[in-house]
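Spelled out, the chains give:
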Amino acid sequence: MLFRRLNRAARRVPFSLLLLIAAPFVVELLIHIRGYVVPRPTAELDPPFSTSCQEPDVAGERENAVLVMLARNQERQKAKATIQSIEDHFNKWFNYPVLFLNDEPWDPRFVTQLNETAGGKGIFEVIPKEQWSFPDWMDQDAARQSIKAQRKVGGPHAAQEGYHHMCRFYSGKFYQLDALKKYKWYWRLEPDVDFSCAITYDPFVQMAKHKKVYGYTIALWEVGKSCPSLFRATADWKEANGVATSSLWRAMMEASWMPFPLRRLLSWIPHRDAYGDAWSLCHYWSNFEIADMDFFRSKRYQEYFDYLDKRGGFYSERWGDAAVHSLAIAMLADPHQVHHFQDIGYRHSDFHQCPANAPGGQLPGSSSLAENKPWSPEIAGGIGCRCECDGKETHNYQTFCLDKLKQPYTPRRGWFS
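Everything numeric here is computed off the predicted structure, so don't read it as measured data.

Draft legend 1. Looking closely at the overall build of the chain. Looking only at helices and strands, the chain features 14 helices and 14 strands. For 417 residues, the compact-globule formula gives about 22 Å, and the C-alpha radius of gyration of the chain, at 24 Å, lands near that figure. Structurally, the chain occupies a C-alpha span of about 85 × 55 × 35 Å along its principal axes. Burial status across the chain gives 53% buried among its 417 residues. Considering only contacts in the chain between residues 6 or more positions apart, those separated by 24 or more positions represent 80%. With an accessible surface of roughly 19500 Å², the chain has 56% of that area assigned to carbon and sulfur atoms.

Structure, rendered in structure tokens:
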């Protein structure tokens, strides 16, 4: 009865009055959404470092850099396949050291075989226990119960204690390792990875030359149920520390379509900030990353990591290092400091990036590249060098996140981003 009376009363309200009442809220909402639009650059701010093959500069100056792989003894064959691939496609020309990390003592067979595969450039270190464990202040029994409970929630590796240690390690403790202190740059490798194109230039040199701090190949959605409170914690830290909102941050976000003041009610939902706006869950896939460790060693980043660490989310949830790195880059880096290695052919797990080969740019007579064959057919617009994969399928995953995260530094926009 009451509903009917209210309905009849509402019908008597002039439509023009309803529009007048709604107009300020609609205008505020449109202004709010407009504030999250990423300006389109007038020119490409992140062109590829190379768009065809070139003769490797085997005598050129090198950066203070290292290739790094975290592996277990039982992953010997998968690790060996990765190192063979990076040697064949890059490091046989540039000879960077390869640092292998393990949280347990190395099996001598692993050391012998991997050092041989790496051309004698292998370094083998064991991670100190204090850097691969629960924080000192944490109730370890409670943390283990929380990890066990995450089995019911689901998500990749959520119930594996070692994986939680790994995420915390790569998010912050990694950059404090004694074995890495003498290096500025690192290239992260994983067991069971394939590189499918010849990389005939030095990515470290190019990153330094172009003042980049972070490079990636693939961007995907994070598994939302693995880290429901990570973004809110990050956004709170960002606001508390007066970090300005950049176009990289806007590209990570999805503005709420809820009008003020109802928008703030959404802040109780996972992956929202205090104002109700959402993280898209898009992030750089960190199993491939080439980065300047000085960025991650900086006072600002380490303060951010320490803040997250004290929140306990690496164990009460499964905060991943890929998401932590990505949100930090979005907060603390400038758009021109991020690079997409679109010319590198890369596969990990079920996902790959495969650039098409550059027409007329494969240097068929090069003696340096004599072993890098056969290669796939050249395709118009291709930028790859002797890529073995099929360049007709550049990506085998939805590129929404890749297109979205590239908005700050490219005028090209994906349809849905």
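Draft legend 2. Quick peek at empty space enclosed by the protein. On inspection of all chains with the given rule, the structure shows one cavity of 30 Å³ or more. Its volume calculated, the largest cavity comes out at about 50 Å³. What lines the largest cavity is simply Ser-50, Thr-51, Ser-52, Ala-198, Ile-199, Thr-200, Tyr-201, Asp-343, Ile-383, Gly-384 and Cys-385. By residue class, the composition of the lining of the largest cavity is five nonpolar, five polar and one charged.

Draft legend 3. Main features of the packing of helix H6 (residues 161-171) against helix H13 (residues 321-332). Contact pair H6 / H13: the axes reach a minimum separation of 8 Å and the direction vectors enclose 25 degrees. Comparing their axes, H13 and H6 come out roughly parallel. Classified by chirality, the crossing of H13 by H6 is right-handed. Between H6 and H13, the contacting residues are Met-166, Cys-167, Tyr-170 and Ser-171 on the first element and Asp-321, Val-324 and His-325 on the second. For the contact of H6 with H13, a count of residues per class yields four nonpolar, two polar and one charged.

Draft legend 4. Quick look at the state of the cysteines. Summed over the entire model, instances satisfying the criterion amount to four disulfides. Linked covalently through their sulfurs, Cys-282 and Cys-401 form a disulfide whose S-S length is 2.1 Å. Every disulfide takes its handedness from the sign of the S-S torsion; for Cys-282 and Cys-401 that torsion is -70 degrees, giving left-handed. Taken together, the residues span a long stretch of sequence, with Cys-282 in strand S10 (residues 282-284) and Cys-401 in helix H14 (residues 400-405) at a distance of 119 residues. Across this residue pair, the class does not change: Cys-282 and Cys-401 are buried. Paired by a disulfide, Cys-354 and Cys-389 hold their sulfur atoms 2.1 Å apart. Since a negative S-S torsion denotes a left-handed disulfide, the Cys-354-Cys-389 link at about 100 degrees is right-handed. One end of the pair, Cys-354, is in the loop between strand S14 (351-353) and H14; the other, Cys-389, is in the loop between S14 and H14, with 35 residues separating them in the sequence. Disulfides within the chain link the bonded cysteines, taken in sequence order, as 1-5, 2-6, 3-8, 4-7. Residue Cys-167 stays outside any disulfide, its sulfur separated by 9.9 Å from that of Cys-227, the closest cysteine. Look at Cys-227 and you get buried, because its relative accessible area is 0%.

Draft legend 5. Quick peek at the side chain of Glu-289. When you line up the elements, Glu-289 lands in strand S11 (residues 289-292). Here Tyr-186 takes part through its side chain, which lies 2.8 Å from a polar atom of the side chain of Glu-289. At 2.5 Å, the side chain of Glu-289 forms a polar contact with the side chain of Tyr-214. If we skip the residues at most four places from it in the chain, Glu-289 touches Tyr-175, Tyr-186, Trp-187, Arg-188, Tyr-214, Gly-215 and His-325.

Draft legend 6. Broad picture of the nonpolar core. The biggest cluster of nonpolar side chains holds 106 residues, and the ones touching the most others in it are Phe-174, Trp-187, Phe-195 and Ile-329. With seven residues, the single largest contributor to this core is H13. In contact with Phe-174, other than residues within four places in its own chain, are Val-68, Leu-101, Phe-169, Leu-180, Tyr-186 and Met-293.

Draft legend 7. Layout of the pairing of strand S1 (residues 65-70). With six of six residues buried, S1 lies mostly within the body of the structure. In the classification by handedness, the crossover that spans S1, the intervening helix H3 (residues 76-94) and the parallel strand S2 (residues 98-102) is right-handed.

Draft legend 8. Looking closely at the sheet that holds S14. The strand order S5-S13-S14 describes an open sheet built from three strands, whose pairing is antiparallel. Each edge of the open sheet carries a strand with a single partner, namely strand S5 (193-195) and S14. Neighbouring strand axes in the sheet, compared pairwise and without regard to direction, differ in orientation by 10 degrees on average. Sheet analysis places strand S13 (residues 346-348) next to S14, joined by three bridges and oriented antiparallel. Bridge pairing in S14 places His-348 opposite Phe-351.

About the criteria used
- Residues numbered from 1 in each chain as written.
- Predicted model: local features only at pLDDT ≥ 70, side-chain atom pairs only at ≥ 80, totals over all residues.
- Heavy atoms only, no water.
- Helix = DSSP H or I, 4+ residues; strand = E, 2+ residues; numbered from the N terminus.
- Rg over C-alpha atoms; globule rule 2.2 N^0.38 Å.
- Buried < 20%, exposed > 50% of the residue type's maximum accessible area, 1.4 Å probe, protein only.
- Contact = heavy atoms within 4.5 Å.
- Areas by Shrake-Rupley, 256 points an atom, 1.4 Å probe, with all protein chains shown as cover.
- 1 Å grid on protein atoms, 1.4 Å probe; cavity = no way out; pocket = protein on both sides within 12 Å on 5 of 7 lines; lining within 4 Å.
- Points joined across faces, edges and corners; volume = space filled by probe spheres on them.
- Nonpolar A, V, L, I, M, F, W, Y, C, P; charged D, E, K, R; others polar.
- Axes fitted to C-alpha atoms, helices over the stretch in contact; angles between N-to-C directions.
- Parallel < 35°, antiparallel > 145°, perpendicular 65-115°, else oblique.
- Left-handed = near helix turned anticlockwise from the far one by under 90°.
- Disulfide = S-S within 2.5 Å.
- Polar contact = N/O pair within 3.5 Å; in protein donor to acceptor, adjacent residues only side chain to side chain.
- Core = buried A, V, L, I, M, F, W, Y, C linked by side-chain atoms within 4.5 Å.
- Right-handed = clockwise from strand over helix to strand, strands pointing away.
- Pairing = 2+ DSSP bridges.

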